[in-house]
Amino acid sequence: MPSSTPSIPLWPRLRPPRPAWLSPKVLRTEVLGGLVVALALIPEAISFSVIAGVDPAIGLFASFTMAVTIAVVGGRPAMISAATGAVALVIAPLNREHGFGYLVAAVILAGVFQILLGALGVARLLRFVPRSVMVGFVNSLAILVFLAQTRELLDVPWAVYPLFAAALALMVFLPRITAVVPAPLVSIVVLTTVTVAAGIAVPTVGDKGALPSALPVPGLPDVPFTLETLTTIAPYAFAMALVGLMESLMTAKLVDEITDTRSSKTRESVGQGIANIVTGFLGGMGGCAMIGQTMINVKVSGARTRLSTFLAGVFLMVLCIAFGPVVSEIPMAALVAVMVMVCFATFDWHSVAPRTLRRMPAGETAVMVITVACVVATHNLAVGVVTGSVAAMVVFARRVARLADVTAVTDPDGTQVVYAVTGELFFASSNELVNRFDYAGDPDKVVIDLSSAHIWDASTVALLDAVETKYAARGKTVEITGLNEHSARIHRSLSGELPTGS
């Protein structure tokens, strides 16, 4: 008799998870976020084109291809990549001295370098960047973006200032009434309508340069494919790869913290390389992650998926090609107001609050200030982050070195003395300990107890050898005890092999 029990399939049918952006609420947020970012990208891309010494269309093409490509291959959803000032500063000398063809070739080679660095795990180095450097990175970016906007408020018609103030007021007070439409988008639409309808003569997006009228066409860079060309572009390409990866990975880490999610830094590194290769073959100037536009997308608009990044690139080209005349009429005052709001939202005000400064260790504050000062002075994020990280290492080494100590206990019968060494022993801490021993006054037997210490480097082994040598010169013996497994291994392999300097 057949059983009435329904059969259970061995392999249950698994439906792929529904993309988050299919939700109507999320879809609206992503679409509007992408549109706001696209509007903000236009003057920025044009400005960066001027820095690099290329036609405005080149920067716009790069922003389009970078955003669309990284939306697919990148590791951090909702992060915006496009043409950036950091990259423009690196490749501008190459374009000036050798021409646009060499710039394009350098962009492609930089993409190759980024893929290789990503595959080698360079993203893992991000864990060595301390929080104080991260805070300095964020604050310095907010300062740089703000300073860049001040140029648009100098030597301009008086009407710019009330328009700028009106845009700021809209973005401050509108979210208290409704959050259905992003306040930056409302500000841009309202100010554009007012200036066009009233015929107010103020600087507009169109004054920055001509917008492209067609999509980019793929092609090879116009350079001789020789070893000489490679040696010419390689230094610029490698510098661009490093700067682009550092800015992108730091921005990705910041977005991780804002959204309480994790992202693949290795995938982002490789994705940046792929995006730059695609951009180069389409005649763009290359780029990387943009902190300002990313903050608009994530913090202001509330976008969280790859769709907003993809649509930012698509909308950018649609706005330039299909709605070029309309976009050209957008007053710069509106876009400057959007970026100023982004600066205030990006800056970590808590880090400079008097209460925080009183509680924070002086070394941490100093590292943050050094990072900010270096970035603002050089306009180079890589210089600031590297300098800040080195400063943080010095502060950490000094702090840990002070924890090392030596205490001496002599046996009642006076036959031996035991030196108890505590703390982490490395070059910064061990060098000071050599003078803590009483070589002349100690008894004939000396015990150095390292059960509460840890040997980290060759400097400490050389110090212990020097101590033994000094005692041996006076006919005294030294016994080292309490070594843990790691310390014993280092001591065993290096003891007697290093010059003691005694």
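Since the model is a prediction, treat every value here as computed from it, not as a measurement.

**Q** Hey, could you run me through the packing of helix H8 (residues 227-259) against helix H9 (residues 265-281) in this one?
**A** In a pair of packed helices, the angle between the axes and the distance between the axes together describe the arrangement. H9 packs onto H8 with a crossing angle of 135° between their chain directions and a minimal axis gap of 10 Å. It follows from the interaxial angle that H8 and H9 lie oblique. Handedness of the crossing formed by H8 with H9: right-handed. Each of Met240, Leu245, Ser248, Leu249, Ala252, Lys253 and Asp256 in H8 lies in contact with H9, whose residues at this interface are Lys265, Ser269, Gln272 and Asn276. Of the residues contributing to the contact of H8 with H9, the split by class is four nonpolar, four polar and three charged.

**Q** Please clarify how helix H2 (residues 56-73) should be interpreted in this entry.
**A** It helps to recall that an α-helix has 3.6 residues per turn; residues three or four apart then point in one direction. Taking 1.5 Å of rise per residue, the 18 residues of H2 would be expected to cover 26 Å, and the 26 Å separating its terminal C-alpha atoms lies within 8% of that figure. With respect to burial, H2 is a largely interior element, 16 of its 18 residues being buried.

**Q** Explanation requested: the packing of aromatic side chains in the structure shown.
**A** Here the distance between the centres and the angle between the planes together describe a pair of aromatic rings. Applying the stated criterion across every chain, the model contains nine aromatic pairs. Ring geometry for Tyr419 versus Phe437: centroids 4.6 Å apart, planes at 55°, classification tilted. Residue Tyr419 is found in strand S4 (residues 416-425), and its partner Phe437 is found in the loop between helix H17 (427-430) and strand S5 (445-455); the two are separated by 18 residues along the sequence. When the ring of Phe426 is compared with that of Phe427, the centres are 5.2 Å apart and the planes differ by 90°; the resulting orientation is edge-to-face. Here Phe427 falls in the partly exposed class, since its relative accessible area comes to 48%. An aromatic cluster is present here, built from Phe146, Phe344, Phe347 and Trp349 joined pairwise through their rings.

**Q** Please clarify how the pattern of salt bridges should be interpreted in this entry.
**A** Proximity of charged atoms lets side chains of opposite charge pair with each other. Throughout the structure, instances matching the rule amount to five salt bridges. As a salt-bridge pair, Asp256 and Arg76 come within 2.6 Å of each other at their nearest N and O atoms. Of this pair, Asp256 sits in helix H8 while Arg76 sits in the loop between H2 and strand S1 (81-82), placing them 180 residues apart in sequence. For the pair shown, Asp256 and Arg76 are each scored as buried. Close ionic contact of Glu364 with Arg399 constitutes a salt bridge, the shortest N to O distance being 3.7 Å. Of this pair, Glu364 sits in helix H15 (residues 362-378) while Arg399 sits in helix H16 (residues 381-401); the two residues are 35 residues apart in sequence, bridging distant segments of the chain. On the basis of relative accessible area, Arg399 is assigned to the partly exposed category, the value being 35%.

**Q** Sorry, what's going on with unusual backbone geometry here?
**A** Apart from glycine, the bulk of residues carry a negative phi angle, and the bulk of peptide bonds sit in the trans form. The residue Ala78 is not glycine, and still its phi comes out positive at about 75°. On the accessibility criterion, Ala78 (2% relative accessible area) is buried. We note that Asp155 has phi near 55°; this positive angle belongs to a residue other than glycine. The exposure class of Asp155 is exposed, given its relative accessible area of 83%.

Scoring rules and cut-offs
- Residues numbered from 1 in each chain as written.
- Predicted model: local features only at pLDDT ≥ 70, side-chain atom pairs only at ≥ 80, totals over all residues.
- Heavy atoms only, no water.
- Axes fitted to C-alpha atoms, helices over the stretch in contact; angles between N-to-C directions.
- Helix = DSSP H or I, 4+ residues; strand = E, 2+ residues; numbered from the N terminus.
- Parallel < 35°, antiparallel > 145°, perpendicular 65-115°, else oblique.
- Left-handed = near helix turned anticlockwise from the far one by under 90°.
- Contact = heavy atoms within 4.5 Å.
- Nonpolar A, V, L, I, M, F, W, Y, C, P; charged D, E, K, R; others polar.
- Expected span 1.5 Å × (residues − 1).
- Buried < 20%, exposed > 50% of the residue type's maximum accessible area, 1.4 Å probe, protein only.
- Phe/Tyr/Trp six-rings, centres within 6.5 Å; stacked < 30°, edge-to-face > 60°.
- Salt bridge = Lys/Arg side-chain N within 4 Å of Asp/Glu carboxyl O.

Without other data, these values stay purely geometric and don't point to any function.
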